[in-house]
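Structural features, examined
As a plain string of letters, each chain reads:
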Amino acid sequence: MSLWVRLFLTFIACLLLTLIFLGMFLGFTFNQYYKEELIERLTLEARVLEPRVKQFYTSSSPDFNGYKNFVRELASMQVGLGITVLNTDGVVEFSSWESRGAIWSHLPEILAVQKREIGYDFRPILGEMSVSVSMPMSSESIVIGMLSLKYPAASVYSRVWQVARFIIATFFIALLIGAFSIYNSVKIQTEPLNSLIEVAGEISGGNLDTTFEAKTQDEVGQLARALQVMVTRLKTALNEASREKGRFEAMFQNMVDGLMLTDSSSKVLLVNLSMLTIFGVSSDEMIGNNVTETKLPSTLVDIAIHGEVGLETEIHIGRPSQKVLRVRIAPIEQEGRLTICEDVTRMRGLEASEREFIQYISHELKTPLASLGASVETVQTTAKSDKKAQIKFLAGMSEDVERLTNLVNSLLTYQRVRDIGEQMERFGAVQMLFDVHDRFIPYATKKKVMIELDLTEDEIVIIANKDRIIQVLYNLIDNALRFTPENGRVTIGMTVEPKRIKIYIQDTGIGIPKDYLNRLGERFIKIPRKDERFATNVGLGIAICKEILSTILSKQGYSFERAILPMKLVAVRSGLGKYGKNNLCYVDGMGSYTRLEAFYTDYEFPIDTWCEKGLMKSCNSCSLCQHACPTQCIPQDRLLIHADHCLTYFNENEGDFPPSIPVQSHNALIGCMLCQIICPQNKKYFEINQDTITFTEEEIACILQKTPRENIPQALAKKLVDLDIYEDYPELQRNLTVLMNKEHSEMI
Ligand code: SF4
Ligand code: SF4
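Residues numbered from 1 in each chain as written. Chains lettered and ligands numbered in written order. Predicted model: local features only at pLDDT ≥ 70, side-chain atom pairs only at ≥ 80, totals over all residues. Heavy atoms only, no water.

1. Regarding the overall build of the chain
- Scanning the chain for helices and strands turns up 22 helices and 19 strands.
- The proportion of buried residues among the 748 residues of the chain is 38%.
- Counted over contacts in the chain with a minimum sequence separation of 6, partners at least 24 positions apart contribute 60%.
- When the accessible area of the chain is evaluated, it comes to approximately 44300 Å², of which 57% is carbon and sulfur surface. (Helix = DSSP H or I, 4+ residues; strand = E, 2+ residues; numbered from the N terminus. Buried < 20%, exposed > 50% of the residue type's maximum accessible area, 1.4 Å probe, protein only. Contact = heavy atoms within 4.5 Å. Areas by Shrake-Rupley, 256 points an atom, 1.4 Å probe, with all protein chains shown as cover.)

What follows is the structure, encoded as C-alpha cells:
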C-alpha cells in the first residue's frame, strides 16, 4: 500500500474517531442538559404545588378519597404528570397514579429527601421511561411529609435524538469535506516524496544523470537536497572509479607481458591481449573458465595453480609459435593470483646471436691480426732485405687492415643508425638516388659489377628522414654488390604510386638460403656461403634496415612485428603481385622468384591497395605452365591448382607417392620447378637464381644410406644448406631413389 494511501486512511481514521468522540460528548451533554432542565421544571412545579398540597395534607379532616381527587385534579393540569404525597417514612399517603401504602423509602429520590435534599431519578414507571422528582414538605422547619412528581422523560429523549441527528448530519458533511481536504493535502505533501522515490529508482537503476529540484524548505526538501548532494558525490566517485578502472584496464591490456588473473578457485577473471596473443586463444575461451579447462599449456596451468609466489620459471611453447616465456606468480589480495608471462624469446635469440657475434668477431679479429702479426714479423726478419717479398706481405697486410676497417665501420654504422634522431625534410628522391648511385660507382667498378638506375624522368619530392633512407640504401646496395658475382648487375629503381614511391634494389646475386630468411633483421647473423667470396660481413646490413624502418614507425607510436600469414594470398590481395595460372605470386621486376614476408603494424597507410585476387594479364594468352606440369594439376577452368596432385607437396613431405604422381613426373631432388622455369615471366630471372652444386659419390651414398643428418660430412651439410634443402634431408633418400629409378628405366 502506498504511503499517501496509508496517510490518507490514517487521517480519515483520526477524523472519524474525533467526530465519534465529539458526537458522543455532545450527545451526552445535551442529554444531561435536557434531563436537568426537566428536573428543574418539575422541581419548580413541585415548589409551586407544595403549599397547596401541604395545606390540604395538614387540614383537620383528611379524607383519602378527597386526597386522591385533589391530586388527580392537580395532575390533570398537565398531561403525563403524576403527583404523590408520602409520609416521612417514605410510604405513599395518596397519589394520582400509585396505590396508597406503597413503600418508596428505598428509592434514590426518597433517600435524598430524607437527607433534606431534593431528589430525582430516571427510571421506567408504568412501562414508560420517566423522571421522578421528590422534595420535603416542611411546616415550621419540621418535615411533615414528601411531595413527589413524576413526568415522562420521552420528551428528553426525543429532543436528544433530534440533536443527535443534527450532529450526525453535520459530522457526515464534515467527514466528507475533511476527507476531500485530507486527500488533497496528503497528495500535495506526498508528491515530492513520490518524485524522490522515482528519482531514487532511476539512480538505483544506474542513471545518475537524473536531475530533480528541492522546491520546499521542509523535511522533504531537505531530504531532496541531501539526495542531490549524495548523487553528485556518488557521480564524482563513480567517474573517478571509472577513470581509475579505465586506466587500470588500459594499463593491464597494454602490458607487453601476458597477464592472467585467477581467483582462489583458479577461475580466470581477467586476461590481457598479450596473453591471448602469446597462446593463440580468445577471451571467450578463458574468462569464467577454470584455468585447467583452457587451452593453455599444462606447464603454465600447473604454475598458475601451484607455482610459488615470486619464483621465476622459464617455459618453452611450440604453439601458436615457438616462444620462450619467463613465468612468475604475484599474489593479489583477496582475489587470487596474477600469472605474468614475459616473452623472452627475442632476448634469448639476441643472447644467442650475440654469443655467435662474439665468437665471430673474435674469429674475424683473430685471423687478420694473426696474419698481420705474421706478416710484420716476416717483413722484420726473413723478408728484411727481400723487396719483392716485402711488397707481397705489405699487400696482404693492407687487405687485413681493410677487413678490420670494414668490420669496425659496420659496427660504427650500426650504432650511429640507432642514435640518429627523427628529422623529417623535403627533398628530391630522384636526385638522392642519383647521388647514392654515384657513391657506389667506384666500388661496383672494382667488383666488376654493373650498377644501373631505373628512375622516373621527373623529380619526385618527398618528405622523410633523408639520412635514414640513405643509410638503408647504402646497406642494401652494399649487400647487393657484395653478393653479386663478376659481370652481374645491381639495379637501383623507383616506381611511383599514388601518394607514395617504392624504391627497390635488385641484384643478380646469389640470394639468401631459406633457413635464414626468417632471421633477417636479427643482429650479427652470418649466413654460411659456399663461396668465401660471398661471406657476409658482420651480418648487420639487414638488421640496420629493420632497425631504421621499425624506429621510424615506433617513433610515431606505431608497432611493427613479423606476421605468419598465407603469404601469396596476402601479396596478391595487397596489390604487391598477381597470381599466375600455376598459383604462384608474380611481382613486377622479380617474377615468381620472391621470398615473401609480412608484418603487422598499426600504421595507417594513406592509401588502401587491398584488392580482389587476380590473374596476370599475360596468362590470358598463355598456357605453357599447364602443358609443362607433369601431373596435370594446373586446370584450364579455375584459378586454383589441384594442390593434391602437385609434385612439390609430395616430395617435400614424408610418405609414399600416390598413383597420381607417376614416376615420370619426378624431375627434382626437392620440389618441382617446371611450371616456373617454363613461364615467360620468369625468363630473365631464371639464370640469376641458379645455383650449381655437385655432390660426390660418397655424399650420394650418405643420402641413399640415410646416414643420420648429424653424422653426415660437413661438406655435404654445407651443400645442403647452400641449396636450401638441409631441412628436407629426411626426404632426400626417397626422392633420389625415385629419380635414379626413373633414369634407369629411361635408359632401358
Ligand atoms: S606460364 Fe603462362 S600461364 Fe603459366 S603463369 Fe606463366 S604466363 Fe601465366
Ligand atoms: S610445381 Fe610441378 S607439379 Fe606442381 S604445379 Fe608446378 S609443374 Fe605442376
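2. Observations concerning the site of ligand 2
- Surveying the vicinity of ligand 2 reveals the residues Cys-629, Pro-630, Thr-631, Cys-633, Ile-634, Cys-646, Leu-647, Thr-648, Cys-672 and Cys-675.
- Looking at the shell around ligand 2, its residues break down into 8 nonpolar, 2 polar and no charged. (Near = heavy atom within 4 Å. Nonpolar A, V, L, I, M, F, W, Y, C, P; charged D, E, K, R; others polar.)

3. Side note on the site of ligand 1
- Taken together, the residues surrounding ligand 1 are Gly-580, Lys-581, Asn-582, Tyr-586, Ser-618, Cys-619, Cys-622, Leu-624, Cys-625, Cys-679 and Pro-680.
- When grouped by side-chain class, the residues that make up the shell around ligand 1 number 7 nonpolar, 3 polar and 1 charged.
- Domain assignment of the residues forming the shell around ligand 1 places at least three in each of domain 3 (387-614) and domain 4 (619-747). (Domains from an automatic or database assignment.)

4. Some remarks on the environment of Arg-709
- When you line up the elements, Arg-709 lands in the loop between α20 (697-704) and α21 (714-722).
- Exposure remark for Arg-709: the relative accessible area of 27% places this residue in the partly exposed category.
- Separated by 17 residues in the primary sequence, Arg-709 and Tyr-726 place their C-alpha atoms 8.8 Å from one another.
- Not counting the four nearest positions on each side in its chain, Arg-709 is found in contact with Tyr-726, Glu-727, Tyr-729 and Pro-730.

5. A word on helix α5 (residues 219-254)
- Along its 36 residues, α5 runs 51 Å from first to last C-alpha, staying within 8% of the 52 Å computed at 1.5 Å per residue.
- Residues of α5 that are buried: Val-220, Gly-221, Ala-224, Leu-227, Val-231 and Phe-252.
- Where α5 is buried, its residues meet α4 (154-204), β6 (258-262), β7 (268-271) and β10 (336-343). (Expected span 1.5 Å × (residues − 1).)

6. Observations regarding the nonpolar core
- Judged by nonpolar contacts, the single largest core of 33 residues is most densely connected at Val-53, Ile-83, Val-85, Val-131, Leu-147 and Leu-149.
- Elements that contribute at least two residues to this core include exactly α1 (3-57), α2 (64-75), β1 (82-86), β4 (128-139), β5 (142-152) and α4.
- Broken down by element, the residue count for this core peaks at 9 residues, all from α1.
- Residues contacting Val-131, with those up to four places away along its chain left out, are Leu-38, Ile-39, Leu-42, Asp-121, Phe-122, Leu-149, Lys-150, Tyr-151 and Ala-153.
- Core analysis: the second largest hydrophobic core is formed by 22 residues, Val-436, Ala-444, Leu-473 and Ile-477 among them. (Core = buried A, V, L, I, M, F, W, Y, C linked by side-chain atoms within 4.5 Å.)

7. With respect to unusual backbone geometry
- Of note in the backbone geometry, Ser-266 takes a positive phi value of approximately 65° without being a glycine.
- Mapped onto the elements, Ser-266 comes out in the loop between β6 and β7.
- Residues other than glycine seldom take positive phi values, yet Asn-487 does so here, at roughly 65°.

8. Side note on the packing of helix α11 (residues 429-447) against helix α12 (residues 466-482)
- Following both chains from N to C, one finds α11 and α12 inclined at 25°, their axes separated by 11 Å at the closest point. It follows from the interaxial angle that α11 and α12 lie roughly parallel. As for how α11 packs across α12, the hand of that crossing is right-handed. Each of Met-432, Leu-433, Val-436, Arg-439, Phe-440, Tyr-443, Ala-444 and Lys-447 in α11 lies in contact with α12, whose residues at this interface are Lys-466, Ile-469, Ile-470, Leu-473, Tyr-474, Ile-477, Asp-478, Leu-481 and Arg-482. (Axes fitted to C-alpha atoms, helices over the stretch in contact; angles between N-to-C directions. Parallel < 35°, antiparallel > 145°, perpendicular 65-115°, else oblique. Left-handed = near helix turned anticlockwise from the far one by under 90°.)

9. Concerning the packing of α1 against α4
- Interaxial distance between α1 and α4 falls to 8 Å at its minimum, and their mutual angle equals 160°. Considering their axes alone, α1 and α4 lie roughly antiparallel with respect to each other. Along this stretch, α1 crosses α4, giving a crossing that reads as right-handed.
- Of the residues in the contact of α1 with α4, the class split is 27 nonpolar, 5 polar and 4 charged.

10. Looking at the environment of Leu-723
- Looking at the element boundaries, Leu-723 is found in the loop between α21 and α22 (729-747).
- Between the alpha carbons of Leu-723 and Ile-693 there is a distance of 7.9 Å; along the sequence they are 30 residues apart.

11. Remarks on the packing of aromatic side chains
- Inspection of the entire model under this criterion finds 7 aromatic pairs.
- Relative to Tyr-183, the ring of Phe-8 lies with its centre 5.9 Å away and its plane at 90°, an arrangement referred to as edge-to-face. Linking Phe-8 in helix α1 with Tyr-183 in helix α4, this pair joins segments that are 175 residues apart in sequence.
- Overall, Tyr-183 belongs to the partly exposed group, its relative accessible area being 31%.
- A ring pair is formed by Tyr-33 and Tyr-34, whose centres lie 5.4 Å apart and whose planes are at 65°; its orientation type is edge-to-face.
- Tyr-34 sits in the buried class, given a relative accessible area of 11%.
- Through pairs of rings, three or more aromatic residues link up here, namely Phe-30, Tyr-33 and Tyr-34. (Phe/Tyr/Trp six-rings, centres within 6.5 Å; stacked < 30°, edge-to-face > 60°.)

12. Topic: α1
- Between its first and last C-alpha, α1 extends 77 Å over 55 residues, near the 81 Å set by a 1.5 Å rise per residue.
- The principal kink in α1, of about 40°, is found at Leu-49, preceding the proline Pro-51 by one to four residues. (Bend = angle between axes of the 7 residues up to and from the residue.)

13. Brief notes about the pattern of salt bridges
- Per the counting criterion, the structure on display carries 22 salt bridges.
- Residue Glu-285 is joined to Lys-295 by a salt bridge in which the shortest nitrogen-to-oxygen separation is 2.8 Å. Pair noted here: Glu-285 is in helix α7 (residues 283-286) and Lys-295 is in the loop between α7 and α8 (298-306), with a separation of 10 residues, a long-range link.
- Measuring nitrogen to oxygen at the nearest pair gives 4.0 Å for the salt bridge that ties Glu-342 to Arg-328. A residue pair is termed long-range when its members are at least 10 positions apart, and Glu-342 in strand β10 and Arg-328 in strand β9 (residues 323-332) qualify at 14 residues. (Salt bridge = Lys/Arg side-chain N within 4 Å of Asp/Glu carboxyl O.)

14. Section: the sheet that holds β1
- Read from one edge to the other, the open sheet built from 5 strands follows the order β2-β1-β5-β4-β3, with strand pairing classed as antiparallel. Taken across any chain shown, the strands that pair with only one partner, and hence form the sheet edges, are β2 (92-95) and β3 (119-125). Across the sheet, the mean angle from the axis of one strand to that of its neighbour is 25°, orientation sign disregarded.
- As paired elements, β4 and β5 share 10 bridges and run antiparallel to each other. (Pairing = 2+ DSSP bridges.)

15. A word on the sheet that holds β6
- Spatial ordering of the open sheet is given by β7-β6-β10-β9-β8, a layout of 5 strands whose pairing is antiparallel. The open sheet has two free edges, formed respectively by β7 and β8 (313-317), since each of these has just one partner strand. Pairwise comparison of adjacent strand axes, ignoring direction, gives a mean angle of 25° for this sheet.
- For β6 and β7, the ladder comprises 3 bridges, and the chain directions are antiparallel.

16. Overview of a nonpolar patch on the surface
- Together, Leu-3, Leu-7 and Phe-11 make up an exposed nonpolar region whose accessible area comes to about 230 Å².
- Counting through the fold element by element, Leu-3 comes out in helix α1. (Patch = residues over 30% accessible without salt bridge, like charges linked within 9 Å, V, L, I, M, F, W, Y side chains within 5 Å.)

17. Observations regarding the side chain of Arg-482
- Tracing the chain through its elements places Arg-482 in helix α12.
- Side chain to side chain, Arg-482 and Asp-478 meet in a polar contact 2.3 Å long. (Polar contact = N/O pair within 3.5 Å; in protein donor to acceptor, adjacent residues only side chain to side chain.)

18. So, the pairing of strand β13 (residues 461-464)
- Side chains Ile-462 and Ala-464 of β13 all project onto a buried face; the interleaved residues Val-461 and Ile-463 project onto a face where none is buried.
- As defined by bridge partners, strand β11 (residues 425-428) adjoins β13 across 4 bridges and the pair is classed as antiparallel. Bridge assignment links Gly-428 to a residue of β13, and that residue is Val-461.

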